[in-house]
Amino acid sequence: MTIANEAPPASKKLTIRPRPQLGLGAALIGREEEELVLQVIRNQEPFRYYGHDANHPPGMAAQLEKEFAEKFGFKSALAVTSGTAALECALAALGIGPGDEVIVPAWSWISCFTAIVRVGALPVLAEIDDTFSLAPGEITRLRSDRTKAVLLVHYQGVAADLDKILAEAHSNGVRVLEDCAEAVGARYKGKSVGTCGDIAIFSFQYHKFMTSGEGGMVAVNDPTLYERAVRFHDIGQMRAYHVNIKKPSVPAFVGDQFRMTELCAAMALAQLRKVDFIKDHCRRLSARVMEQIKGLPGIRPRRIPDPAGDTGFEIYLALPSKELAIQFSQKLEALNVNARKTTFTYCHYARDYCQTGDAHTPAASPFKQFKDWPAKGYRQQDFPRTESIIHNFLALPLGVKYTDEDADYIAAAVRQVHSELMS
Ligand SMILES: Cc1ncc(COP(=O)(O)O)c(C=O)c1O
C-alpha cells in the first residue's frame, strides 16, 4: 500500500478531530442480528434442544457451530455460554483436574487463571515476550511431572509464536489449549488460530471481534475431546443431536451446564458472517497507520510472528520507559485519540484472587500445597521479563467505524506527540 505522507511537520499543530467510535462486532449490530433473533422468537424456540419442529431447519446454535467449524477449519465446534465456560469445558475435555499443572502466561485475562483453579488444577505462571504472548522456552523451564497442558493465549488479535511453542510443547509431552478468545479470525501461516493445538476456545463477549453479548465456542478436531466437551457443557449428557455427530464412547461423567441459548446463537451467527469485513477493515487501517509512523526513533511496535494473519484491531507501541508511555498516552488522549495505557489485562500475580490464593472454599484451592503464600512463581519479582514489557507500552485500538481519515489523524498525532516528547 502506498500512502501519501500526510502527517504535518512537527511544528504545525493538528486540528483536533472528534473522537472516533470504538467497537468491533458490537458496533455493527443491526438488521442481520435483528432478523435472526426475531426468527427464534417467532418460532418460539429459545432452547436449542427442545421445542424444535422437526420440519424446521437446524436451530441457530447448530447452524452457528456448523458455519464456525467450516469457516475456521475445525472438525467440530460446540457453542457455550462464555469464553470462560469454554475454557472450563476444554480443560475438562483434556481430563485436567486436581494434582495437574497448567502453564499459563502471567499476563493474560482473569479467566485463564480462574478456569484452571475451577477444575482443581494448579496454574503455573509463565513469562511473556514482545508478542505479549507466552515466551518460547517457558514450557521447558516450568514443566514438571505434573504438567498436563499449556494454555496458550493469542493476545489481542495476533497469533502467538506458534511454531516454537508447539514444538516445545510436543517435545515436553504437554498438550496445547489455544485460547483464541481475543483472536477470532487471526491466522498463523495460513491456518486459523486454534487449529494447531489439541483444543481451542473462543469468546463472543461484548468487546470481541464478534459478539453475542456473552457467549463462547469450544473448537476441536479430536472426536473424543469433542464428546468430553459436549458432556461437560451439558451436565454429563450426550443428546441425540451430538450422538449423530459422534457416537458416544466415553463413559458418562458429571458435567456443568454451559448450554448456549438460541437467542444468543442467533446473534453470534449474524456476527460470524461479519468477521471477514471487520478484519479486512481493521487490517487496512492498521497498515495505513503503521506505514506513516514506521521508523520513529524510540518507538517499537509489538512483534507479530505472522503479520499476514494479524486481525489488525489494536496497535501496540513500546516506549523506552513507563513514564514516557504514560505521558504519550495522556497527550494522545488529549488529542481525542483512543490510546490506552491499560487493556484491562493485568498480571495474575497482581490480582486479588492470586494474592489470597483462595478458591470458593479452602479445600478447593490448588495453592494450599504451598507453605507460604504467595509462593515463588506467584510474586511480581519472579517475572522480570514480563515486568519489563507491560509498563512501557500503549495500545491504540482501531474500531470498525474508524475511517481512513481517522487512521491518518492517529498517525499524525503519534508523530506530533513523538516530536514533543522524544526528539
Ligand atoms: C484471553 C481470554 N480468555 C478467556 C476470556 C473469557 O471470555 P468470556 O469473557 O467470554 O468469558 C477472555 C475474555 O475477555 C479473554 O480475553
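Residues numbered from 1 in each chain as written. Predicted model: local features only at pLDDT ≥ 70, side-chain atom pairs only at ≥ 80, totals over all residues. Heavy atoms only, no water.

Asks: When you look at the sheet that holds strand β2 (residues 101-105) in this model, what are you seeing that I'm missing?
Replies: Strand pairing in a sheet relies on backbone hydrogen bonds. The paired strands run either parallel or antiparallel. Taken in spatial order, the seven strands line up as β1-β9-β8-β5-β4-β2-β3 in an open sheet, and their pairing is mixed. For this open sheet the edge positions go to β1 (76-80) and β3 (122-126), each flanked by a neighbour on one side alone. The sheet shows a mean angle of 25 degrees between the axes of neighbouring strands, direction not considered. In this sheet, strand β5 (residues 175-179) lies alongside strand β4 (residues 147-153) in parallel orientation, the contact comprising five bridges. Across the sheet, the residue bridging to A149 is R175, located in β5. (Pairing = 2+ DSSP bridges. Helix = DSSP H or I, 4+ residues; strand = E, 2+ residues; numbered from the N terminus. Axes fitted to C-alpha atoms, helices over the stretch in contact; angles between N-to-C directions.)

Asks: Could you clarify how one ought to interpret the site of the ligand in this entry?
Replies: Within the structure, the ligand sits among 15 residues, and T84, D179, E182, S203 and K208 are positioned closest to it. Within the side chain of S203, an N or O atom sits 2.7 Å from an oxygen atom of the ligand. Note that an oxygen atom of the ligand is positioned 2.6 Å from one of the side-chain N or O atoms of K208. If the ligand stood free it would expose 390 Å²; the protein chains cover 93% of that surface. Of all the secondary-structure elements, those providing two or more residues to the shell around the ligand are α3 (83-93) and α4 (110-118). With three residues, the single largest contributor to the shell around the ligand is α3. When its residues are assigned to classes, the shell around the ligand shows five nonpolar, seven polar and three charged. (Near = heavy atom within 4 Å. Polar contact = N/O pair within 3.5 Å; in protein donor to acceptor, adjacent residues only side chain to side chain. Areas by Shrake-Rupley, 256 points an atom, 1.4 Å probe, with all protein chains shown as cover. Nonpolar A, V, L, I, M, F, W, Y, C, P; charged D, E, K, R; others polar.)

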